[in-house]
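An overview of the molecular structure
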Amino acid sequence: MRNTFEATRKVWFITGTSSGFGKRLVSTVLSRGDYVIATVRNLESFTLPVGDRARLRIIVLDVCDSTENIQKTVNEALSIWGRIDVVVNNAGYGLKSLIEEGGALAATKQFQTNVMGVINVTNAILPHMRERRSGTVVMIGSRSAWHATPITGFYVASKAAVHALAETYATELAQFNIRVTVCAPGAFRTENVHNVPYTSNYHIPEYDALREKTTGMFKSIGAQAMGDPDKAMNVLVDAVRGEGKAKGRELPMYLMLGNATYEHVREHYTRLLEDMDKWEDIAKDLDFDPVPN
C-alpha cells in the first residue's frame with residue numbers, strides 16, 4: 001500500500017487556503033486523489049471542501065511568524081504523511097498605498113508577508129526535499145510584476161522579488177532534482193482580492209485626486225474580473241502533475257495564467273525591447289578599451 005501511495009500520489013503543502021486561489025487549489029488537488037496539508041492563520045476562516053476529507057489536514061500557520069515557529073509547523077506537517085512533494089507559496093495580500101504615502105513602513109509590512117514568508121516557508125521544507133532528491137516549489141506570483149499601476153507599488157515590488165527569488169532558487173536546487181515554477185495569474189475573480197484598506201503613513205494632499213480615482217477603480221474591478229480561478233488552479237495542478245492539458249510538457253519556469261497576464265507581459269517586453277533597440281548603439285559596448293601592445 002505504501003509503495004502504491006508513493007508512486008501515484010503527491011502530498012501538497014499549501015499556504016493561505018482560507019480564500020482565493022489557495023481555497024480553490026485545495027479542492028482541485030483533492031479531486032485528483034492527492035493529499036493536502038492546508039495552512040490557515042486561524043481555523044475559523046477555513047471552510048471544509050466537498051470531497052474526500054481523509055486526505056486533508058489543516059494546520060495553523062502565520063507566514064509572518066518567527067523562523068523557528070515556522071520550522072516547527074513544517075516539522076509537524078512532515079510527520080503527518082512522512083513527506084511533502086509540493087510546496088505552494090500562496091499566502092499573501094496586496095497592500096494598497098502610494099509609495100510616497102506608505103513609505104518604508106508600508107514596504108516592510110508588505111515584504112514581511114509576501115517575500116520573507118515565502119523564504120521562511122520554502123527554506124523550512126527544502127532540507128526534506130534535498131534529502132529525498134525530489135520536490136516541487138511553486139511560487140504564486142502575479143502579472144502585476146509586469147503591469148504597475150498607482151497604489152500597487154509595494155505589492156508589485158514584492159511579487160517581482162518573489163519572481164527573482166524563484167529564478168535563483170531554480171539555479172540552486174536543480175542539482176537536487178527539485179523543480180521550481182512561478183505561477184503568475186492575472187485578473188481572476190477571487191474574493192477579498194481588492195478589499196485591503198488603503199494604507200497612508202504620510203498624507204500628501206497633492207495626491208488626493210489620484211488616490212481617490214485609483215482606490216475607486218479597484219473597488220469596482222474585483223467583481224468584474226473575467227478569469228475563472230477554478231480553471232486556473234486546474235491548469236496549475238495539470239502542470240505540476242504532468243497530466244491533463246499539460247501531459248507531455250515540462251514544468252515551465254513561468255506558468256502564465258489568464259488573458260490579462262499574456263497581454264500585459266507581452267506589452268512589457270515589447271516596451272523593453274524597444275528601449276533596448278533605441279539605446280543599444282550607445283549603451284551596449286562599454287568594455288575597457290584594448291591595452292596597446
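Position numbers for residues start from 1 in each chain and track the written sequence from start to end. At least 70 in pLDDT is required for a residue's local features to be given in this predicted model, at least 80 for side-chain atom pairs to be given and counted, and no such filter applies to totals for whole chains, interfaces and linings, which use all residues. To obtain the side-chain values, all non-hydrogen atoms of the structure were used and water was disregarded.

**Here we look at the environment of Thr-39**
Runs of E in the DSSP output that reach at least two residues are strands. Runs of H or I that reach at least four are helices, and both are numbered from the N terminus. Position of Thr-39 relative to the elements: it lies in strand 2 (residues 35–40). Taking the C-alpha atoms as reference points, Thr-39 and Ala-77, separated by 38 residues in sequence, lie 9.7 Å from one another. Residues contacting Thr-39, with those up to four places away along its chain left out, are Phe-13, Ile-14, Thr-15, Gly-16, Thr-17, Ile-59 and Leu-61. Contacts are residue-level and defined by heavy atoms, with any inter-residue pair within 4.5 Å sufficient.

**Considering the packing of aromatic side chains**
Both the distance between ring centres and the angle between the ring planes are used here to describe each pair of aromatic rings. Pairing of aromatic rings covers Phe, Tyr and the six-membered ring of Trp, with a centre-to-centre limit of 6.5 Å; geometry is then stacked below 30 degrees between planes, edge-to-face above 60, and tilted otherwise. Under the defined criterion, the tally for this structure stands at three aromatic pairs. Geometrically, the ring pair formed by Phe-21 and Phe-188 is edge-to-face, given 5.7 Å between the ring centres and 70 degrees between the ring planes. Separated by 167 residues along the polypeptide, Phe-21 in helix 2 (residues 20–31) and Phe-188 in the loop between strand 6 (178–185) and helix 6 (208–221) bring together distant segments of the chain. Note on exposure labels: buried denotes an accessible area under 20% of the residue type's maximum, exposed denotes more than 50%, and partly exposed covers the range between, all computed with a 1.4 Å probe on protein chains only. Relative accessible area serves as the criterion here: at 13%, Phe-21 is assigned to the buried category. Pairing Trp-146 with Tyr-254 gives two aromatic rings, centres 5.8 Å apart and planes at 70 degrees, and the pair type is edge-to-face. In this pair, Trp-146 sits in the loop between strand 5 (135–140) and helix 5 (153–173) while Tyr-254 sits in strand 7 (residues 254–257), placing the two residues 108 residues apart along the sequence. Sitting over the face of the ring of Phe-218, Lys-96 holds its NZ or CZ atom 5.3 Å from the ring centroid. For a ring to carry a charge above it, either NZ of a lysine or CZ of an arginine must fall within 6 Å of the ring centroid while also lying within 35 degrees of the normal to the ring plane.

**Things to note about the packing of helix 4 (residues 99–132) against helix 5**
One can describe the packing of helix 4 onto helix 5 by two numbers: an axis separation of 9 Å at closest approach and a directional angle of 25 degrees. Our classification of the angle between helix 4 and helix 5 gives roughly parallel. Along this stretch, helix 4 crosses helix 5, giving a crossing that reads as right-handed. Note on residue categories: nonpolar means Ala, Val, Leu, Ile, Met, Phe, Trp, Tyr, Cys or Pro, charged means Asp, Glu, Lys or Arg, and polar means any other residue, Gly included. Its residues assigned to classes, the contact of helix 4 with helix 5 comprises 16 nonpolar, eight polar and one charged. To get an axis, fit a line to the C-alpha atoms, keeping to the stretch in contact for a helix; angles then go from 0 to 180 degrees between the N-to-C directions. Here the angle decides the label: under 35 degrees means roughly parallel, over 145 means roughly antiparallel, 65 to 115 means roughly perpendicular, and every other value means oblique. Left-handed describes a crossing whose near helix is turned anticlockwise from the far helix by less than a right angle; the clockwise case is right-handed.

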